[in-house]
Amino acid sequence: MKISGSYNLPVAPERAYQILQDPAILAQAMPGCESLEQIGPDEYRMKMKVLLAALSGQFEGKVRIADQAPPTSFRLIVEGSGRIGFLKGDGLLKLSPPDAGAAGLTVVSYEGDAQVGGTMAAVGQRLIDGTAKMMIRKFFDKLASLAG
Amino acid sequence: MATTTTKTETFVGKRIRRREDPRLITGTATYVEDIQMPGMHYAVILRSPHAAARIRSIDTKKAVSAPGVVCVFTGKDTKGVGAVPCGVAMPDLRVPQHTILATERVYFVGHPVAVVVARDRYLARDAADLIEVDYEVLPAVADPEKALAKGAPAVHPQWPDNVAFTYHQDGGNIDKAFAEADVVVKQRIVSQRLVPMAMETRGVVAEWRGADRQLNLYTSTQIPHLVRTIVAAMLGLEENRMRVIAPEVGGGFGSKLNVYAEEALMGYVSMKIQKPVKWIESRRENFTCTIHGRGHVDYYEVAAKRDGTILGIKLKLIQDVGAYHQLLTPLIPQLSVLMMPGLYNTQNIRGDIIGVFTNCVPTDAYRGAGRPEATHGIERMVDILAAELKMDPAEIRLKNFVTKDKFPYPTATGLMYDSGDYATPLKKALDLVGYVKLRQEQADLRKQGKYMGIGISTYGEICAIGPSPATPAGGWESATVKIEPSGKVTILTGACPHGQGEETTFAQIAADELGVGLDDILVIRGDTAVVQYGIGTFGSRATAVGGTALYYALQDLKAKIKKFGEMLLESDDVSLMIGQVIDNKSGKAKTFQEIAGAAYRALKLPPNTEPGLLATRFWEPPNFTFPFGAHIVVTDIDDETGQIKIRRYVAVDDCGNILNPLIVDGQVHGGVAQGLGQALWEQAVYDDNGQLVTGELTDYAVPRAQMMPWIESHHTCTPSPINPLGVKGVGEAGTIGCSPAVVNSVVDALSPLGVRHLDMPLTPEKIWKVVAKKN
């Protein structure tokens, strides 16, 4: 499954880059995130609860940040599994000032691939796309509210 | 005191209501799930979420210490248990070691990895989530054609080409036929993967009685005796120390014509924990780990003369095997090749099968098993040929049928069609549907831009499976008939049913032979400790083979009854009728009760006669039977929504003599429902990573009652000369006849748009896209 989109964060790119890698803020912003702890340089262990239609379950996984080019881009690699299946994702996040050049604003554009398996894939396939979009929007909304 | 009723009325051929139905429709029947035992434990199986992965490690510590959990077993524990067998022997068959739990690798989503045993099934389920499996995910391949491509991931590393087996069959002179042809039509035809979807999922209760050294295995199966032989061997247990009971079986359709890992696994668990253990497959498990059906990609070529005479047929068949061979996996596409010529008089064929491993659950027998695929292929090709030659599809069929003076008819594939009259059901169906008028109406509708189609399929099939040389485990069937001392009649049949109604039809046969009432007869099946060895119910064989064994056992028993009658009546000229033996000279009679009483009391015996009234027969059929028929489907297509409406469904089936028209109707209706499912709605879809994305009934469109058309079911009758009952079999006919009739109808409707072929399922989306693109 391809995932792509963009979101306007109400902070400058440097600040945006910083909060996008701050475990404390990310843990608050990610829907269903129950814990996010650093286990190595640029590597985190994550616990989160996922709700997908009639399915719900806890996921445990790892988040890794790679190809860092502050404050313009980094790559996010996510791997998790739990009772309702597993998910794997790999995406590139690009941060740039808006075309109009408004100060204190960052356009975060993201593009990546996600793969789900197990019960989630067997049962929730039709809903995964919509759920992923919804979770991403919730994430950025929350991040925006925490960023200020 | 119980008495045996004597009846002058006969039962064979009548619409007798099924004697098994009251308990089924009142929910009082006993299925595996209904079995309760003191000390029962419950098993939940952890399955792979990956289609291909290496297992780095399995950590069961948390699960073992979870509340209620007794133990957890993994592939390391069960290494001593024998592999799940493939029952088919072929020269170049590649058989991967199919352990009951995964050891180093997993090969498909749903592959069993560990089993949790607890005192409560919910605690077992919760504990399964606590098992930590470290997988190294590997690339997977789910599409058989992609699996054959160079560089495809190897399902089994030892066979990088993913070829599981090949099979080749030539008949006549195919090259000459194609060289002499005026026209050759070619088409790629897909028969998609289907989920058999028995209403009752699989389930096993295993009860090890250590003190008796006895394993009782209750399992929802079509083949209890074969399960006993095979599972006992897998467990290293003497076969006579194992008893398999198939209680009520809620549908199988071939999916329970198998021996599954879970059957041996539960036996293993019960022997380990010394307690009874129950495993009931969930619906989601059923989707991922019970065999699928079909899974063909067929490349057809048909050579013909300009007048429509078919000269030869070529088929290259790619069979999606899945990750393993189950019991009969490699045999199923061979049935397709055997059935390639359909009802047509051509002596030139070439069939090539490539069985391909994929990271999917194995395919195996599903209602029709190979014959629906073959019939779909040849019936589509005949329509494509008719369109190419601008011939009427009914006319081209009538032109090519094997004519009724040619039977027994040897086919190019080595079969001997027993009896047939193929034109009669087609003509009857054409009359019933009003073919000529419909074609006129179609022409008028086309002028108005409306899409109406008429689809014909004239199918043949291979039933009464089958002579032992042609079946992996023997093709005979057994029956025992006993007349108890009270005169009551007990039948033991090896043809263990799963919805076929043998408690009714077998009682009808016995009632007429003995002249007793149906209520005097009990039909027992599905218990290896009670019933002599049997093969089981599949391949439309129960009545034709099992019923025949019963018929011959009844003849033996009647001879013995007569002997006792002669002795008691002091006559050498007696007849057996309406539940008594009558002296033809004096008219004096002895009832069955009197005869049974004398036979068991044994104060005096006829010469060379043993006490008791019991007869057993194992009957080996000399040939298959070959039923046939014609289905015609009239469809109207809504060009705005792509919805297909079936206006008429006319089925004229010839299954030989009919013992119970009510049961035959039921078989036709059920068969058509599953044929329509394939034609219009159902498809098991794996994504590129081998994830089954149609894993629940919300995504897998099995037909519901309100989706069914009215089926106009009719018959012609051409008795089989193979058995004394003259029956052929009807369990799969509906499915086999259906799908090509539906697709031919829809393609006919859309032919003004230049449509020549469409692959199943014909979903509204698919049809709408075709119509929208052309408009």
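Our subject in this report is the structure included herewith. A quick note: this is a predicted structure, and the numbers were derived from the prediction, not measured.

## Description of the pairing of strand S23 (residues 580-583) of chain B
Residue and element names in this part refer to chain B.
And then number 1: Burial along S23 is two-sided: the face carrying Gln 580 and Ile 582 and the face carrying Val 581 and Asp 583 are both buried.
And then number 2: Pairing between strand S22 (residues 574-577) and S23: 4 bridges, direction antiparallel. Paired with Ser 575 across the two strands is Ile 582, which belongs to S23.
And then number 3: What sits between the antiparallel neighbours S22 and S23 is a turn of 2 residues, in which Ile 578 has the positive phi angle 30 degrees.
And then number 4: The antiparallel hairpin formed by S23 and strand S24 (residues 589-591) contains 5 residues in its connecting segment, where Gly 587 sits at a positive phi of about 80 degrees.

## Some thoughts on the interface of chain B and chain A
And then number 1: Counting residues at the interface gives 15 residues for chain B, matched by 14 residues for chain A.
And then number 2: Buried surface at the junction of chain B and chain A, both sides included, amounts to about 1,200 Å², of which 50% is carbon and sulfur.
And then number 3: Together, Arg284(B), Gln691(B) and Asp699(B) form the three largest contributors to the area buried by chain B at its contact with chain A, with a combined 31%.
And then number 4: Remark: the boundary between chain B and chain A carries 1 salt bridge.
And then number 5: Across the chain B-chain A interface, the total number found is 3 residue pairs in polar contact (both at pLDDT 80 or more).
And then number 6: The class makeup of the residues in the side of chain B that touches chain A is 4 nonpolar, 6 polar and 5 charged.

## Quick word on the packing of aromatic side chains
For any pair of aromatic rings, the description consists of the separation of the ring centres together with the inter-plane angle of the planes.
Residue and element names in this part refer to chain B.
And then number 1: Overall, the coordinates contain 20 aromatic pairs over all chains when judged by the stated rule.
And then number 2: The interplanar angle of 35 degrees and the centroid separation of 6.3 Å between the aromatic rings of Tyr 552 and Trp 619 together place this pair among those described as tilted. Remark: Trp 619 occurs in strand S25 (residues 614-619) and Tyr 552 occurs in helix H15 (residues 542-569); sequence separation between them is 67 residues.
And then number 3: Clustering of aromatic rings is evident, with ring pairs tying together Tyr 344, Phe 401, Phe 407, Tyr 422 and Phe 628.
And then number 4: Its guanidinium or amino end placed over the ring of Tyr 260, Arg 202 lies 3.6 Å from that ring's centre, counting from NZ or CZ.
And then number 5: One Lys or Arg, Lys 314, reaches over the ring of Phe 178 and ends 4.2 Å from the middle of that ring.

So, how was this worked out
Residues numbered from 1 in each chain as written. Chains lettered and ligands numbered in written order. Predicted model: local features only at pLDDT ≥ 70, side-chain atom pairs only at ≥ 80, totals over all residues. Heavy atoms only, no water. Buried < 20%, exposed > 50% of the residue type's maximum accessible area, 1.4 Å probe, protein only. Helix = DSSP H or I, 4+ residues; strand = E, 2+ residues; numbered from the N terminus. Pairing = 2+ DSSP bridges. Contact = heavy atoms within 4.5 Å. Buried area = accessible area lost by both parts, 1.4 Å probe. Salt bridge = Lys/Arg side-chain N within 4 Å of Asp/Glu carboxyl O. Polar contact = N/O pair within 3.5 Å; in protein donor to acceptor, adjacent residues only side chain to side chain. Nonpolar A, V, L, I, M, F, W, Y, C, P; charged D, E, K, R; others polar. Phe/Tyr/Trp six-rings, centres within 6.5 Å; stacked < 30°, edge-to-face > 60°. Lys NZ or Arg CZ within 6 Å of the ring centre and 35° of its normal.

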